[in-house]
Amino acid sequence: MISKDEKKFLEETRDDLKRILRRIECTLAVDATSSYDAMEDQSKSEEYIVTQYLMKLGVPTSVTGFGYIKSGVLYLLKEEKNKRVLVTKELYPKIAEEHNCTPQKVERAIRTAIKKAEDTYTEELDMLLYGREDLKLTNSDFLTMVTEMIRMEL
């Protein structure tokens, strides 16, 4: 059995330790939040810019390929500028994993979304294709061109 004085001392020590822990948690939370918020704001702004640009190009938001293109462009934006990304071997599997489907489905859905964008043919798409002799876009061309255009905006 402990005495009243010992009990009082232990309670005060416990309260002091609780205050110290709260200060540590608050400090860590503020530090983590500030860096997390900056990263989250950056990714949100990139996602917003990509979404807006795809809509300007005439890619319908209602097709599955829209989300796949968006994921692909965001992935390409995160990669180093000069790093070569293999679309079929690297990008499609990454997108498929993110969206829980197959790389073949990703490739076809992106192709369909690009075809629909070409059918609507917006002014923004015309600017993207400016100077190209062949107006037929491959998935790889489209993804890299969109990524570079967005990189110039950022």
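What this report covers is the structure whose coordinates are included nearby.

**Quick word on the overall build of the chain**
Right, on to step 1. Regarding its fold elements, the chain presents six helices and zero strands.
Right, on to step 2. Each helix and strand of the chain, ordered N terminal to C terminal, gives the series α-α-α-α-α-α.
Right, on to step 3. Taking as baseline every contact in the chain between residues at least 6 positions apart, the subset at least 24 positions apart corresponds to 60%.
Right, on to step 4. Only carbon and sulfur atoms are counted for the fraction: they give 54% of the accessible area of the chain, which is about 10900 Å².

**Some remarks on the side chain of Thr 51**
Right, on to step 1. Residue position: Thr 51 is located in helix H1 (residues 4–57).
Right, on to step 2. Using a relative accessible area of 15% as the deciding quantity, one classes Thr 51 as buried.
Right, on to step 3. Within polar-contact distance, the side chain of Thr 51 engages the backbone oxygen of Glu 47 at 2.8 Å.
Right, on to step 4. Ignoring anything within four residues of it in the chain, the contact list for Thr 51 reads Phe 66 and Lys 70.

**Considering the packing of helix H3 (residues 87–99) against helix H4 (residues 103–120)**
Right, on to step 1. Two elements in contact, H3 and H4, have axes whose closest approach is 8 Å; the angle formed by their N-to-C orientations is 100°. Considering the angle they form, H3 stands roughly perpendicular to H4. Residues Tyr 92, Pro 93, Ile 95 and Ala 96 of H3 form the contact with H4, whose participating residues are Pro 103, Val 106, Glu 107 and Ile 110.
Right, on to step 2. When its residues are assigned to classes, the contact of H3 with H4 shows seven nonpolar, no polar and one charged.

Rules used in this analysis
- Residues numbered from 1 in each chain as written.
- Predicted model: local features only at pLDDT ≥ 70, side-chain atom pairs only at ≥ 80, totals over all residues.
- Heavy atoms only, no water.
- Helix = DSSP H or I, 4+ residues; strand = E, 2+ residues; numbered from the N terminus.
- Contact = heavy atoms within 4.5 Å.
- Areas by Shrake-Rupley, 256 points an atom, 1.4 Å probe, with all protein chains shown as cover.
- Buried < 20%, exposed > 50% of the residue type's maximum accessible area, 1.4 Å probe, protein only.
- Polar contact = N/O pair within 3.5 Å; in protein donor to acceptor, adjacent residues only side chain to side chain.
- Axes fitted to C-alpha atoms, helices over the stretch in contact; angles between N-to-C directions.
- Parallel < 35°, antiparallel > 145°, perpendicular 65-115°, else oblique.
- Nonpolar A, V, L, I, M, F, W, Y, C, P; charged D, E, K, R; others polar.

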